[in-house]
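A closer look at the structure
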Amino acid sequence: MGETLTPDICVIGAGPGGLSAAAAAAAFGVPTVLIERDKMGGDCLNTGCVPSKALLAAAKRAEAIRGAAVFGLEVQNIRVNFAKVHEHVHSVISAIAPADSAERFAGLGVRVIRAHAQFKDARTVTASDIEIRARRFVIATGSKPAIPVIAGLDGGPFLTSDNIFDLKERPAHLIIVGAGSVGLELAQAFRRLGSSVTMLEAARPLAGGDPECVDVVLDRLEREGVVIRTGVNVLGVTHAGGTVTATIEAAGAEQTITGSRLLIAIGRKPAIEGLGLDAAGIRHDQSGIVVSRKLKTSNRRVYAIGDCVAGHSPLAHAANYHAGLVIRNALFRLPVRVDNTAVPWATYTEPELAQTGLTEAQAQAFDMKIRIARWPYNDNDRAQTERQTRGHVKIITTAKGKIVGATIVGAQASELIGMWTLAIAQGLNIRTFTEIVLPYPTLSELAKRAAIDYFTPRLTGGWVRRIIGWMRIFG
């Protein structure tokens, strides 16, 4: 073994969480080592959040051109140059990559090691011929696509989120196994770019979302031509002559579906293999690394954050949130506790779907006495000007009006969910939104209108009418 390093913090994994932890530690002048065996930026930059949103942006432009007639714009034809779409996606990755690069982090004072990391014992990690004996370690290795056991799947090529953005030719017919966020986003993107798309889902699409809001998204995809098959079990896959055939069981009968490419999008699994966790005394299982509410593992020197943590959602912003907690606790001994109640998620289809806090079903499962406020997009003037009137805001409160959950399905839902996330984090009452002044016309007014509608039955009740009547008599 060659060099031995003794930093205060050693971060394993250079995805969103790992980069945030390393940058924060270095900003406080703490000796920091960052180890990454693959690409800097992790899956989020290279195979996840960034390329998928770039692809969706191209697909959105294509669909906007097709729908331009409603605005009085006459467009004769649209031709999708998929090779150019590929260039667009990768140019976006390249534009962002310098911010996540080894060179930038070296400039921040971080020692970056490009190698595989493995625990040698409870307080030592090896990376190539270097030993790192840090005061604290942070595991931020993320996740990878989960691959189901399907007969014949490995008999030929198939796609996952790891390689689908490498395609330079548009699939004629894309079969997607799985209808979660990733599957639905890519289904709509490829359909809008000219592919036929068939989705195969064993259960309910976007199972974690509010059903009434999810249905708005599914309706849009189906109207655009995406075929969504639910309650389907994939029994086997056959590769032959540049095609792929899935044998499925639906309603007790076997059927076959043939396409040109197959995408597996059933979810993700923690990327923790080969880390030597047992040698470090770190508890883990198939769902990930077991941590406390402080994100500490069973080894007191080691934290784990992000996708690799058992029971936590694979969200880049959740990993960043975890990183902030770890830095506060590891460097300053400040008390921290993970609270996922106000960690939002979004699906970037059109319409978008965003959720924060509790859904109606989750609140009912806690036996909470709740009230629900809704307001539709078609009653918003900005939505009318943009011709984006599908969707609604749905707010869950306690009986006294404390906001505990929000779901938005519609245009810019991922942007609008932020104010509700803040409201939940701060324990605000929905009354707060009746008092806010917002620019007109904007989609943000949906929040205020939902809040006003929440109180309307009380404000127009008999006792209010009587008070007004008395004031007219005696005023």
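Structure: above.
Thoughts on the packing of aromatic side chains
This structure, assessed with the given rule, holds 5 aromatic pairs. Judged by centre distance (5.8 Å) and plane angle (35°), the ring pair of Phe-82 and Phe-190 falls under tilted. Taken together, the residues span a long stretch of sequence, with Phe-82 in helix α4 (residues 82–96) and Phe-190 in helix α6 (residues 181–192) at a distance of 108 residues. Judged by relative accessible area, Phe-82 falls into the buried class, the value being 7%.

Concerning the sheet that holds strand β13 (residues 232–240)
Taken in spatial order, the 3 strands of this open sheet run β13-β14-β15, and their pairing is antiparallel. With partners counted over all chains shown, the strands left at the sheet margins are β13 and β15 (253–259), one partner each. Each strand of the sheet is rotated relative to its neighbour by a mean of 20°, with strand direction disregarded. Here strand β14 (residues 243–250) runs beside β15; their pairing, made up of 7 bridges, is antiparallel. Bridge assignment links Ile-248 to a residue of β15, and that residue is Gln-255.

A few points about the packing of α6 against helix α7 (residues 211–223)
To characterise two packed helices, one gives the angle between the axes of the helices and the distance between these axes. It is the contact of α6 with α7, at a shortest axis distance of 10 Å, that shows an interaxial angle of 25°. When the axes of α6 and α7 are compared, the pair comes out roughly parallel. Classified by chirality, the crossing of α7 by α6 is left-handed. Where α6 abuts α7, its residues Leu-184, Ala-187, Gln-188 and Arg-192 lie against Leu-218, Arg-220 and Leu-221. Taken together, the residues of the contact of α6 with α7 break down into 4 nonpolar, 1 polar and 2 charged.

Examining the environment of Ile-78
Here Ile-78 is to be found in the loop between α3 (49–66) and α4. Remark: the alpha-carbon pair of Ile-78 and Ala-62, spanning 16 residues in sequence, is separated by 7.4 Å.

Some remarks on the pattern of salt bridges
One side chain can pair with another of opposite charge once the charged atoms of both are near each other. Inspection of the entire model under this criterion finds 20 salt bridges. In this structure, the salt-bridge partner of Asp-210 is Lys-394, at a minimum N-O distance of 2.9 Å. Here Lys-394 lies in strand β24 (residues 392–398) and Asp-210 lies in the loop between β11 (196–201) and α7, a separation of 184 residues in the sequence. When its relative accessible area of 1% is taken as the criterion, Lys-394 is described as buried. Across the pair Arg-382 and Glu-386 runs a salt bridge whose closest N-O atoms are separated by 3.2 Å. Of this pair, Arg-382 and Glu-386 both sit in helix α10 (residues 381–386), 4 residues apart, which is roughly one turn of that helix. Arg-382 sits in the partly exposed class, given a relative accessible area of 30%. Residue Glu-386 is classed as partly exposed on the basis of its relative accessible area, which comes to 35%.

Let's talk about the layout of surface pockets
If a probe the size of a water molecule is rolled over the atoms, the empty space left behind becomes visible. Volume-wise, the second largest pocket comes out at about 620 Å³. Forming the boundary of the second largest pocket are 19 residues, of which Arg-220, Glu-350, Glu-386, Arg-387 and Gln-388 lie nearest the centre. Top element by residues in the lining of the second largest pocket is α3. It accounts for 4 residues. Class assignment of the residues belonging to the lining of the second largest pocket gives a composition of 7 nonpolar, 4 polar and 8 charged.

Conventions and cut-offs
Residues numbered from 1 in each chain as written. Predicted model: local features only at pLDDT ≥ 70, side-chain atom pairs only at ≥ 80, totals over all residues. Heavy atoms only, no water. Phe/Tyr/Trp six-rings, centres within 6.5 Å; stacked < 30°, edge-to-face > 60°. Helix = DSSP H or I, 4+ residues; strand = E, 2+ residues; numbered from the N terminus. Buried < 20%, exposed > 50% of the residue type's maximum accessible area, 1.4 Å probe, protein only. Pairing = 2+ DSSP bridges. Axes fitted to C-alpha atoms, helices over the stretch in contact; angles between N-to-C directions. Parallel < 35°, antiparallel > 145°, perpendicular 65-115°, else oblique. Left-handed = near helix turned anticlockwise from the far one by under 90°. Contact = heavy atoms within 4.5 Å. Nonpolar A, V, L, I, M, F, W, Y, C, P; charged D, E, K, R; others polar. Salt bridge = Lys/Arg side-chain N within 4 Å of Asp/Glu carboxyl O. 1 Å grid on protein atoms, 1.4 Å probe; cavity = no way out; pocket = protein on both sides within 12 Å on 5 of 7 lines; lining within 4 Å. Points joined across faces, edges and corners; volume = space filled by probe spheres on them.

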